[in-house]
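Listed here are the chains, written in short residue letters.
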Amino acid sequence: MNSHKIQLPVLNSPIADKKADSKKNNDDSHSIKNTFPVRGMTCAGCASSVESMLSSQNGVIDANVNFANNTVLVQYLPGKISFPDMQKAIKSIGYELIDNFEKENIENRNERDFRVLKIKTLFAVAFAIPTAIISMFFHTSLPYANGIMFILTIPVMIWSGQSFFVNAYKQAKHRTSNMDTLVALSTGIAFLFSAFNTIYPEFFISRGLEPHVYFESAAVIIAMILFGKTLEEGAKSRTSTAIKKLMGLQPKTLRVIRDSQEFEVSIADVQIGEIIVIRPGEKIPVDGKIILGSSFVDESMISGEPIPVEKNIASFVYAGTINQKSSFQIRAEKVGSDTMLAQIIKMVQEAQGSKAPIQKLVDKIAGVFVPVVIVTSLIAFFIWYFVGPEPAFTRGMLAMITVLIIACPCALGLATPTAIMVGVGKGAENGILIKDAESLELAYKVTAIVLDKTGTITKGEAVVTDIVWGDSINNKLHESILLSLEKHSEHPLAEAVVKKLQEQNVQHVLITEFRSITGIGVRGKFEGNEFFVGSEKSVEESRIKISELLIRRADEFKSAGKTVVYFSNEKKVLAILAVADVIKDTSKKAIDDLKNIGLDVYMITGDHEKTASAIAKDAGIDRYFAEVLPFEKATRVRELQAQGKIVAMVGDGINDSEALAQADVSIAMGKGTDIAMDVAKITLMKSDLEHILGAIKLSKATVATIRQNLFWAFIYNLIGIPIAAGVLYPFFGFTLDPMIAGTAMAMSSVSVVSNSLRLKNQKI
């Protein structure tokens, strides 16, 4: 198939949509929009409660909670409702709305809460393990086994599991329920029932029944659920870290020239039009135009291109990029939130926030499962109480407790996290780092994959691919002269030339009268004869002769998207060198493999059409996006999503971060920037495209395991709950003992864990 550039219709972006929304909302007189942090939300149900409460307030036009970031975007009329009013309303349902002035404090508080959560999890695990061991192996042989388990379980229930009971109470106040409700009910009843049987064992013994205890169930459930919450909070904190690192690209201070004197001022104090001094090695603080001096600037964090760009007077430079060589002065044209860096930060935040909140499958199931179980247990109690044989009350209580114990969400809670844990571990063993469950669950559904060119398909560094000599009579000597000239050069491409010649063991010679002319090239003399290394333009301006052979080969290299460097003496061009960013050895095979499993593979690059076409052809890619600005990469991803495709984006640069955040599945290369890895949900540590196929296979295997786990988790409930309620008693006189219910529950957990461990043997 011939290569061709993709032409897609222009679609409305979310940003455009928001502008349209804003215009529409102007009809609501003088409404304003503000984003406030919210504390205390633990599930999608909490987010819904906050939205409903705010939306019901007089003066609030709209409220949208971003559960992933724990924030709410509120559109309201300041004349009708104030922030304290909204804060009071939210507080009444058990949550905390934070003023923006306290944002720094909220970050500290969130970090502190995360530390406490980790400690509580470790604490619960430390007490749950001995409790489970005693219950399984020493229950009958160890003296006072019930008493010891009782003491071990108390701190787990009171401290580690406190939040479940508090949240369940909040939900109950608003007549709703969630996973916390079921955890609190099952563990609370199991604990109280066991505590009663430990303190008053004669109550059931006198009635001919065995006083069983279920302390290990309560402790293990709380430990496992807390472990899952710790993983989730860790993923959330990494998302905010990416934004912080983007912000860190902008220096805090800069040097401005005021009244002919140089001052160091805060970035917040700089004004448009001021003259700013940029020294070698410094990050550029604002967007502006060079008015004095020249240099090479590393723009890889914006453009993704590894080769520093030459900047002269009137050239535009961007905040966050790095000055490489010489000092220069710029006139500030865009500052603060108007810089390109600030725009990238804003769009990454919007792309992350535009996604649906992470809602675990078990939470969805629990939303229906919890009320059904509670109602079933109550129905069982009342049926036994009113129509059951004596002792009716005791039998009713036992039936209710048995239903709640057998329906305990242990296996349900384990189904997803254990498969994810094993899947993530399997990925790590193979150099695939997976940050959260969502990406692992989605990867196998991907239908289109967009590959960034530089650093992803290619090596991301300039390499001399060809050296063509003219009719020079002493190539060896001229190679040495070329090496010695380039050794002194500061031009980024010179490093590639030096590396190539050194690999060929070319020797140095002594160069005199060396000169580096910015924008032209380098000159120097060897034994009285002058030599020059530079661009085609400088060769033409110097009217240096060039042979037909070299002209033809130079045209071939340029057609292939390569940069051509000219080496000449005073009279003629002695050689031309082709420099390019070459394709990785494994890229072509990996791309073929992805196409073979039915994926649409796209390449995206800021390069010109000719270069993009050549690289795509060499890599075996039929479809590509060329001359794409950093801002447009996410737009291309959105356009593919609008066509109904599930899109994976693979990149390595800061300029890819918005597109990574927009994609359904985001994959960063391990040798890329920290920010790309922080935004992406999957990182390939070996920066090898072949691992993408492994990630997709791992996703497929993990999702299959989760589905099998959920089947095992539910089959026990579907069969066990009716039996626990006593449905077989009228026919066979059989009721389920709570101990057997506990065993069945444990068996479902064992089934789930064993099934998850099978993932370890999967080949990816």
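For every chain, the first residue of its written sequence is number 1, and the numbers climb from 1 along that sequence. With pLDDT at 70 or above as the cut-off, local features in this predicted model cover only qualifying residues; side-chain atom pairs require 80 or more to be listed or tallied, and sums for whole chains, interfaces and linings still use all residues. Excluded from the side-chain calculations are hydrogens and water; all other atoms, namely the structure's heavy atoms, are used.

## Things to note about the overall build of the chain
Right, so step 1: A count of helices and strands for the chain gives 28 helices and 27 strands.
Right, so step 2: Accessible area is worked out with a 1.4 Å probe on protein chains only. A residue is then buried under 20% of its type maximum, exposed over 50%, and partly exposed in between. Buried positions account for 49% of the 764 residues belonging to the chain.
Right, so step 3: Total accessible area on the chain stands at roughly 35900 Å², and carbon and sulfur atoms take up 57% of it. We count a stretch as a helix when DSSP gives it H or I for four or more residues in a row; a strand needs E for two or more, and each element gets its number in order from the N terminus. The accessible surface values rely on the Shrake-Rupley method and a 1.4 Å probe; as for residues, cover is taken only from the protein chains in view.

## Quick word on helix α20 (residues 548–559)
An α-helix turns once every 3.6 residues. As a result, residues three or four positions apart point the same way.
Right, so step 1: Here α20 contains twelve residues, and its C-alpha end-to-end distance of 17 Å stays within 8% of the 16 Å for a straight helix at 1.5 Å per residue.
Right, so step 2: Here, residues are in contact when the closest pair of their heavy atoms is within 4.5 Å. In this structure, the buried side of α20 is in contact with β17 (458–469), β21 (563–569) and β22 (573–583).
Right, so step 3: Taken from the residues just after α20, Gly561 is the one with a positive phi, measuring 80°. A helix is expected to span 1.5 Å for every residue after the first.

## What about the nonpolar core?
Right, so step 1: One finds Ile449, Leu451, Ile621, Leu689 and Ile692 to be the most contacted residues of the largest nonpolar core, which totals 38 residues.
Right, so step 2: In terms of residues, this core owes the most to one element, helix α26 (residues 690–725), which gives seven residues.
Right, so step 3: Every residue in contact with Leu689, bar those within four places of it in the chain, is listed here: Leu451, Thr456, Ile457, Ser587, Ala590, Ile591, Val650 and Met669. Take the buried Ala, Val, Leu, Ile, Met, Phe, Trp, Tyr and Cys residues and link them wherever side-chain atoms come within 4.5 Å; each set so joined is a nonpolar core.

## What about the sheet that holds strand β13 (residues 322–323)?
Right, so step 1: Within the open sheet, the three strands sit side by side as β11-β10-β13. Their pairing is antiparallel. This sheet does not close on itself; its edge strands, each paired only once, are β11 (309–311) and β13.
Right, so step 2: For two strands to be treated as a pair, DSSP must find no fewer than two bridges joining them. In this sheet, β11 lies alongside strand β10 (residues 295–298) in antiparallel orientation, the contact comprising three bridges. Its bridge partner lying in β11, Phe296 is registered against Glu310.

## Regarding a nonpolar patch on the surface
Right, so step 1: On the surface, a cluster of nonpolar side chains totalling about 900 Å² of accessible area is made up of Val125, Ile129, Ile133, Met136, Phe137, Phe138, Leu142, Tyr144 and Ile148.
Right, so step 2: Here the nonpolar patch takes five residues from helix α4 (residues 103–137), the largest share from any one element.
Right, so step 3: Inspection of the secondary structure puts Tyr144 in the loop between α4 and α5 (145–160).
Right, so step 4: A residue is classified by how much of its surface remains accessible, and Tyr144, at 72% relative accessible area, is exposed. Think of a patch as exposed residues, more than 30% relative accessible area, with no salt bridge, where like charges cluster within 9 Å and nonpolar side chains (Val, Leu, Ile, Met, Phe, Trp, Tyr) cluster within 5 Å. Here, a salt bridge means any side-chain nitrogen of Lys or Arg that lies within 4 Å of a carboxyl oxygen of Asp or Glu.

## A look at the pattern of salt bridges
Right, so step 1: Per the counting criterion, the structure on display carries 22 salt bridges.
Right, so step 2: Where Arg553 meets Glu556, a salt bridge forms, and the shortest distance between an N and an O atom there is 3.0 Å. Of this pair, Arg553 and Glu556 both sit in helix α20, separated by three residues, roughly a single helical turn.
Right, so step 3: A salt bridge links Lys633 to Asp656; its shortest N-O distance comes to 2.7 Å. Remark: Asp656 occurs in the loop between β25 (647–651) and α24 (657–662) and Lys633 occurs in helix α23 (residues 630–642); sequence separation between them is 23 residues.
Right, so step 4: Classification of Lys633 by relative accessible area gives buried; the value is 2%.

## Describing unusual backbone geometry
Right, so step 1: Positive phi outside glycine occurs at Asp259, with the angle close to 55°.
Right, so step 2: Along the polypeptide, Asp259 turns up in the loop between β6 (253–258) and β7 (261–266).
Right, so step 3: Here Asp259 falls in the exposed class, since its relative accessible area comes to 76%.
Right, so step 4: Phi at Glu627 takes a positive value of approximately 50°, unusual for a residue other than glycine.
Right, so step 5: Its place among the elements puts Glu627 in the loop between β24 (623–625) and α23.

## Observations concerning the sheet that holds strand β20 (residues 529–534)
Right, so step 1: Ordered by their spatial adjacency, six strands build an open sheet running β17-β22-β21-β20-β19-β18, and the pairing between neighbours is antiparallel. Edge strands, defined here as strands with exactly one partner in the open sheet, are β17 and β18 (512–517). In this sheet, neighbouring strand axes are inclined to one another by 15° on average, regardless of whether the strands run parallel or antiparallel.
Right, so step 2: The pairing of strand β19 (residues 521–526) with β20 spans six bridges and is antiparallel. If you follow Arg523 over to β20, its bridge partner there is Phe532.
Right, so step 3: Only C-alpha atoms enter the line fits that serve as axes; for helices the fit covers just the stretch in contact. Angles between N-to-C directions range over 0 to 180 degrees. Helix α18 (residues 492–503) rests against β17, β21 and β22 of the sheet, and its axis sits at about 65° to β17.
Right, so step 4: Docked against the sheet, α20 engages β17, β21 and β22, running at close to 15° with respect to β22.

## Thoughts on helix α22 (residues 609–619)
Right, so step 1: If you check which residues of α22 are buried, you get Thr611, Ala612, Ala614, Ile615, Ala616 and Ala619.
Right, so step 2: Among the structural elements, α16 (453–457), β17, β22, α21 (587–596), β23 (600–604) and β24 are those in contact with the buried residues of α22.

## Structural notes on the environment of Thr131
Right, so step 1: Mapping Thr131 onto the fold places it in helix α4.
Right, so step 2: The buried category is assigned to Thr131, whose relative accessible area is 0%.
Right, so step 3: Residues Thr131 and Leu152 lie 21 residues apart in sequence; the distance between their C-alpha atoms is 6.6 Å.
Right, so step 4: The contact partners of Thr131, leaving out residues within four places of it in the chain, are Met149, Leu152, Thr153, Phe215 and Glu216.
Right, so step 5: Polar contact is the term for a pair of N or O atoms within 3.5 Å; when the atoms are in protein, one must be able to donate a hydrogen and the other to accept it, and sequence-neighboring residues count only if both atoms are side-chain atoms. Side-chain polar atoms of Thr131 contact the backbone oxygen of Phe127, separated by 2.7 Å.

## Here we look at the packing of helix α17 (residues 475–488) against α18
Right, so step 1: The interhelical angle for the contact between α17 and α18, taken along N-to-C directions, is 140°, at an axis separation of 9 Å. Compared by their axis directions, α17 and α18 come out oblique. The two elements α17 and α18 meet at a crossing, and its hand is left-handed. Residues Glu479, Leu482, Leu483, Glu486 and Lys487 of α17 lie in contact with α18, whose contacting residues are Ala494, Val497, Val498, Leu501 and Gln502.
Right, so step 2: Amino acids are sorted into nonpolar (Ala, Val, Leu, Ile, Met, Phe, Trp, Tyr, Cys and Pro), charged (Asp, Glu, Lys and Arg) and polar (every other residue, Gly among them). Taken together, the residues of the contact of α17 with α18 break down into six nonpolar, one polar and three charged. Angle categories are assigned with fixed cut-offs, so that under 35 degrees is roughly parallel, over 145 is roughly antiparallel, 65 to 115 is roughly perpendicular, and the rest are oblique. Each helix crossing is assigned a hand: it is left-handed if the near helix lies turned anticlockwise from the far helix by less than a right angle, otherwise right-handed if that turn is clockwise.

## Focus on the packing of aromatic side chains
Right, so step 1: Ring geometry is summarised as follows: Phe, Tyr and Trp rings, the Trp one being its six-membered ring, pair when their centres sit within 6.5 Å, and such pairs are stacked at plane angles under 30 degrees, edge-to-face over 60 and tilted between the two. Taken as a whole, this structure holds 20 aromatic pairs when the rule is applied.
Right, so step 2: Seen in terms of ring centroids, Phe196 and Tyr200 are 5.6 Å apart; in terms of plane orientation they differ by 50°. Their pairing is tilted.
Right, so step 3: Phe196 sits in the partly exposed class, given a relative accessible area of 30%.
Right, so step 4: Using a relative accessible area of 44% as the deciding quantity, one classes Tyr200 as partly exposed.
Right, so step 5: Both rings, one in Phe381 and one in Tyr385, keep their centres 5.9 Å apart while their planes meet at 15°; by these two values the pair is stacked. With Phe381 and Tyr385 both in helix α12 (residues 361–387), this residue pair falls four residues apart, about one helical turn.
Right, so step 6: Among the residues examined, Tyr385 registers a relative accessible area of 41% and is labelled partly exposed.
Right, so step 7: Ring pairs connect the aromatic residues Phe381, Phe382, Tyr385 and Phe386, which therefore count as one cluster.
Right, so step 8: Note on geometry: a ring has a charge over it if NZ (lysine) or CZ (arginine) is within 6 Å of the ring centre and within 35 degrees of the ring normal. Its end group placed over the ring of Trp159, Lys120 keeps NZ or CZ at 5.4 Å from the ring centre.
Right, so step 9: Sitting over the face of the ring of Tyr602, Arg623 holds its NZ or CZ atom 5.4 Å from the ring centroid.

## Some details on the confidence of the model for the chain
Right, so step 1: As a per-residue measure, pLDDT tells how confident the predictor is, with possible values from 0 to 100. Averaged over every residue, the pLDDT of the chain is 79; the share at 70 or more is 83%.
Right, so step 2: Every residue in residues 1–27 is under pLDDT 50, and counting partners more than four places away or in other chains gives 33 contacts.
Right, so step 3: Segment residues 351–359: pLDDT under 50, and 20 contacts once partners within four positions in sequence are set aside and those in other chains are kept.

## A word on the packing of α21 against α26
Right, so step 1: Running from N to C, α21 and α26 cross one another at 30°; their axes reach a closest spacing of 7 Å. Contacts between α21 and α26 involve Lys589, Ala590, Asp593 and Leu594 from the former and Glu690, Ile692, Leu693 and Ile696 from the latter.
Right, so step 2: Counted by class, the contact of α21 with α26 contains five nonpolar, no polar and three charged residues.

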